[in-house]
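# Architecture at a glance
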Amino acid sequence: MADRWLALQPPAAWTNQGLADAESALHRWTLYPAGTEGYEKAEVTAGGVDTAELSARTMETRKVPGLYFIGEVVDVTGHLGGFNFQWAWASGAAAGRALAGL
């Protein structure tokens, strides 16, 4: 992803200020999914970011302030029947509240 980003958004200059501006642009980047394949294709994964590395209240990683992990990227697995969806929604809500300062 980094190679593609730099190809599309190269720094104006390879100076400290140019790199700071490029970093700022990357932090402001928002990703909007184009859609999903629906519940019929939804599956559960196992593994991911260790919950011990995250704040249980905010889902923020302890190693990189400002970096949050939610949903199935976190090593949480539940039974089939909506439990994983609930985890995704709940962890997303926790991170969203933390980011909104609630």
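This write-up is about the structure you can find in this document. This is a predicted model, so every value here is computed, not measured.

Bringing unusual backbone geometry into the picture now. Most peptide bonds adopt trans geometry, and most residues besides glycine take a negative phi value. Even without glycine at this site, methionine 59 takes up a positive phi of about 70°. By secondary structure assignment, the location of methionine 59 is in the loop between α2 (16-28) and α3 (83-100). What makes methionine 59 buried here is its relative accessible area of 4%.

With 6 residues, the main nonpolar core is built from Val49, Leu54, Met59, Val74, Ala94 and Ala95. Non-local contacts of alanine 95, meaning those with residues more than four positions away in its chain, are made with Thr58, Met59, Tyr68 and Ile70.

Moving on, we get to the pattern of salt bridges. Evaluated as defined, the whole model comprises 1 salt bridge. With its nearest N and O atoms 3.7 Å apart, the salt bridge here joins lysine 63 to glutamate 53. With lysine 63 in the loop between α2 and α3 and glutamate 53 in the loop between α2 and α3, this pair connects stretches of sequence that are 10 residues apart. You can call glutamate 53 partly exposed: its relative accessible area is 26%.

Moving on: the environment of threonine 15. For threonine 15, the position within the fold is in the loop between α1 (2-8) and α2. The exposure class of threonine 15 is partly exposed, given its relative accessible area of 40%. Placed 40 residues apart in sequence, threonine 15 and serine 55 show a C-alpha to C-alpha distance of 35 Å. Here glycine 18 takes part through its backbone nitrogen, which lies 3.0 Å from a polar atom of the side chain of threonine 15.

For the largest pocket, the calculated volume is near 340 Å³. Lining the largest pocket, in full, are Leu26, His27, Trp29, Thr30, Leu31, Val64, Pro65, Gly66 and Leu67. Across the lining of the largest pocket, the residue classes tally to 6 nonpolar, 3 polar and no charged.

Counted by the stated rule, this structure contains 2 aromatic pairs. Residues phenylalanine 85 and tryptophan 89 carry aromatic rings whose centres are separated by 5.7 Å and whose planes lie at 20° to one another, so their mutual orientation is stacked. Placement of both phenylalanine 85 and tryptophan 89 in helix α3 is noted, with a separation of 4 residues, approximately one turn of the helix.

Right, let's get into a nonpolar patch on the surface. Residues Met1, Leu26, Trp29 and Leu31 make up a contiguous nonpolar surface patch of roughly 470 Å² in combined accessible area. For leucine 31, the position within the fold is in the loop between α2 and α3. The class of leucine 31 is exposed, set by a relative accessible area of 65%.

We now examine α3. Two residues of an α-helix separated by three or four positions point the same way, owing to the 3.6 residues in each turn. Between its first and last C-alpha atoms α3 spans 25 Å; for 18 residues at 1.5 Å apiece the expected length is 26 Å, and the two agree. Trailing α3 by a residue or two, glycine 101 shows a phi angle of about 75°, which is positive.

What counts, and where the lines are drawn
- Residues numbered from 1 in each chain as written.
- Predicted model: local features only at pLDDT ≥ 70, side-chain atom pairs only at ≥ 80, totals over all residues.
- Heavy atoms only, no water.
- Helix = DSSP H or I, 4+ residues; strand = E, 2+ residues; numbered from the N terminus.
- Buried < 20%, exposed > 50% of the residue type's maximum accessible area, 1.4 Å probe, protein only.
- Core = buried A, V, L, I, M, F, W, Y, C linked by side-chain atoms within 4.5 Å.
- Contact = heavy atoms within 4.5 Å.
- Salt bridge = Lys/Arg side-chain N within 4 Å of Asp/Glu carboxyl O.
- Polar contact = N/O pair within 3.5 Å; in protein donor to acceptor, adjacent residues only side chain to side chain.
- 1 Å grid on protein atoms, 1.4 Å probe; cavity = no way out; pocket = protein on both sides within 12 Å on 5 of 7 lines; lining within 4 Å.
- Points joined across faces, edges and corners; volume = space filled by probe spheres on them.
- Nonpolar A, V, L, I, M, F, W, Y, C, P; charged D, E, K, R; others polar.
- Phe/Tyr/Trp six-rings, centres within 6.5 Å; stacked < 30°, edge-to-face > 60°.
- Patch = residues over 30% accessible without salt bridge, like charges linked within 9 Å, V, L, I, M, F, W, Y side chains within 5 Å.
- Areas by Shrake-Rupley, 256 points an atom, 1.4 Å probe, with all protein chains shown as cover.
- Expected span 1.5 Å × (residues − 1).

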